[in-house]
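Coordinate analysis (summary)
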Amino acid sequence: MEVKIEAGWKEKLSGEFEKEYFRTLTEFVREEYRTRQVFPPGNKIFNAFDLCPLDRVRVVIIGQDPYHNYGQAHGLCFSVNDGTEFPPSLVNIFKELNRDLGVPVPKSGNLERWASQGVLLLNAILTVRAHQALSHQNRGWERFTDAAISALNRERENLVFLLWGAYAQNKGASIDESKHLVLKTVHPSPLSASRGFFGCSHFSRCNQWLVARGMEPIQW
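Some thoughts on the pairing of strand S5 (residues 160–164)
Most of S5 sits out of view: 5 of its 5 residues are buried. Where burial is concerned, the two faces of S5 agree: the one with Val160, Leu162 and Trp164 and the one with Phe161 and Leu163 are both buried. The sheet contact formed by strand S2 (residues 59–63) and S5 spans 3 bridges and is parallel. Residue Val59 lies in a different strand from S5, and its bridge partner there is Val160. Across 5 bridges, the pairing between S5 and strand S6 (residues 181–185) is parallel. Following the sheet pairing, Leu162 is matched in S6 by Leu183. Viewed along the sheet, the connection from S5 through helix H7 (residues 166–171) into S6 turns out right-handed.

Things to note about the pattern of salt bridges
By the definition in use, this model includes 10 salt bridges. Linking Glu155 and Lys12 is a salt bridge whose minimum nitrogen-to-oxygen distance equals 3.4 Å. Here the residue Glu155 occupies a position in helix H6 (residues 141–155), and Lys12 occupies one in helix H1 (residues 7–17), the gap between them amounting to 143 residues. Here Lys19 ties to Glu16 by a salt bridge, and the two come within 3.0 Å at their closest N and O atoms. Taking relative accessible area as the criterion, Glu16 reaches 12% and is therefore assigned buried. Salt bridges linked by common partners bring Lys12, Arg154 and Glu155 together as one network.

Rules and cut-offs
Residues numbered from 1 in each chain as written. Predicted model: local features only at pLDDT ≥ 70, side-chain atom pairs only at ≥ 80, totals over all residues. Heavy atoms only, no water. Buried < 20%, exposed > 50% of the residue type's maximum accessible area, 1.4 Å probe, protein only. Helix = DSSP H or I, 4+ residues; strand = E, 2+ residues; numbered from the N terminus. Pairing = 2+ DSSP bridges. Right-handed = clockwise from strand over helix to strand, strands pointing away. Salt bridge = Lys/Arg side-chain N within 4 Å of Asp/Glu carboxyl O.

Here it is, written out as structure tokens:
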């Protein structure tokens, strides 16, 4: 099956594209886009991969599924298009970033600036119906993104995985912590951020790890 995705990822994930689950997933997603309002736009489904080639990944942040209101989702977890109001979790991410590294709260919630530096902003589920969170769960996306995480775990060394909340931590349970840095805390949503996300210092700890291994820090 021909899938439009960044070349390095395409090479590593090509086996997934030929599996029956991915064919079934593709049929489902095409029908959803044909008959319903679905986010992100079809040409942004693989945006996280396209903006962060496999061989440039340094940090991985795992989300669950895309934002489901108009104008928000563009294929990067926690990120929103320019001009869009910040969702509560993103507000809290920026609060912790400011507390941790003194980075001023940005005017834009578009995190492409992170992706361009090697931060893979990967949702476990890559599509969603408008106003229906998790409406595309258990359709095959989770298996596909598991394969992407497995490829990184296997092929790369010294990556930093930021696992925020139980869902992301379960998703990253098989990451080899002898090869990679795995940082865990609660989800940045208002329901849980005060129970450990604020004060986790993941951004500075990530950069310390990278610098100690001769890599440039992320300009968060």
